[in-house]
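Per-entry structural report
The primary structure of each chain is shown beneath.
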Amino acid sequence: MASQSGDALRRLAESILHGKQGSQEIALSCLEQGLGVDEILAKGVIGAWLEFAAWYDRDPDGALKGWMESYNATNRVLRALEAAIRAPENPPFSAAVFTVRGEGHVLMRDVLSLLLRSRGVRVYSSRKGLVQEDLADPISDPSLKWLVVSCTEADLNEQVSAIIRWAKQKRPDLRAVAGGPQAEKVGADIVVNDPYDLLKVLGV
């Protein structure tokens, strides 16, 4: 069984890496085999992008030619897994997971949202990119405990910082966690750059 699961995860990573159709079906078959969403994300999705990074180091032009297909395959997998997860009935807390409007690198935001949902957390997120008004409803939810932001682009740091400051003025009990190349520059309480370190910080 372990061998079959490992084979399925390798097939998933390869399918994403090469942007193949049917990646989502492989991901769902991994679920049917009893694999957890976190393992599918770690070894299938994140594993594929670690391979992509190695590919880019070897052959930047070749990797960039296949980037969009890999990205689209990843999105199909994430949407399929998201649809397969039931909304938590008694979430331990809620988290707002976001990138700001204009951020181009949103894949990790979507991975983190799904990872937290798989652990039973209620997640507020916006695929279009968040502006301050989008936090009005989450801020009113007393179960909201964390702001989780992925930030990669230096020219957006002030937007991220402004949202964190505004949210914490409204709710001083909130804590902000940031990841990405700009994470140390946006005024977050905690900086983490590994999805599984985030789980430890949040205690799920």
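Residues numbered from 1 in each chain as written. Predicted model: local features only at pLDDT ≥ 70, side-chain atom pairs only at ≥ 80, totals over all residues. Heavy atoms only, no water.

If you look the protein up in an unreviewed UniProt entry, it shows as B12-binding domain-containing protein from Methanosuratincola subterraneus.

Positionally, S94 belongs in strand β1 (residues 94-98). A relative accessible area of 0% places S94 in the buried class. Polar contacts involving the side chain of S94 include one to the side chain of D141, which spans 3.4 Å. A distance of 2.6 Å separates the side chain of S94 from the side chain of S143, its partner in a polar contact. Other than its neighbours up to four places away in sequence, S94 contacts V121, R122, Y124, D141, S143, L144, K145 and W146. (Helix = DSSP H or I, 4+ residues; strand = E, 2+ residues; numbered from the N terminus. Buried < 20%, exposed > 50% of the residue type's maximum accessible area, 1.4 Å probe, protein only. Polar contact = N/O pair within 3.5 Å; in protein donor to acceptor, adjacent residues only side chain to side chain. Contact = heavy atoms within 4.5 Å.)

Turning next to the side chain of D110. Secondary-structure assignment places D110 in helix α5 (residues 107-118). In this structure, D110 is in contact with N75, L78 and R79, ignoring residues within four places of it in sequence.

Counting buried positions along strand β3 (residues 144-150) yields six of seven residues, so the element is predominantly enclosed. By the bridge criterion, five bridges tie β1 to β3 in an arrangement that is parallel. Among the inter-strand pairings, A96 is bridged to a residue of β3, identified as L147. Pairing of β3 with strand β4 (residues 175-179), which is carried by five bridges, proceeds in the parallel orientation. Bridge pairing in β4 links V149 to A178. For the crossover from β3 across helix α7 (residues 157-170) to β4, the handedness is right-handed. (Pairing = 2+ DSSP bridges. Right-handed = clockwise from strand over helix to strand, strands pointing away.)

In the contact formed by α5 and helix α8 (residues 195-202), the axes pass within 11 Å of each other and the chain directions differ by 45°. What the angle tells us is that α5 and α8 run oblique. Here α5 runs over α8; the crossing is right-handed. Counting all contacts with α5, which are made through M108, L112, L115 and L116, the residues of α8 involved are P195, Y196, L198, L199 and L202. By residue class, the composition of the contact of α5 with α8 is nine nonpolar, no polar and no charged. (Axes fitted to C-alpha atoms, helices over the stretch in contact; angles between N-to-C directions. Parallel < 35°, antiparallel > 145°, perpendicular 65-115°, else oblique. Left-handed = near helix turned anticlockwise from the far one by under 90°. Nonpolar A, V, L, I, M, F, W, Y, C, P; charged D, E, K, R; others polar.)

Counted under the stated rule, the structure contains 13 salt bridges. A salt bridge links E82 to R127; the nearest nitrogen and oxygen atoms lie 2.4 Å apart. Of this pair, E82 sits in helix α4 (residues 60-84) while R127 sits in the loop between β2 (122-125) and α6 (136-139), and the two are 45 residues apart along the sequence. Overall, E82 belongs to the partly exposed group, its relative accessible area being 24%. One network of salt bridges, in which partners are shared, links R79, E82, R117 and R127. (Salt bridge = Lys/Arg side-chain N within 4 Å of Asp/Glu carboxyl O.)

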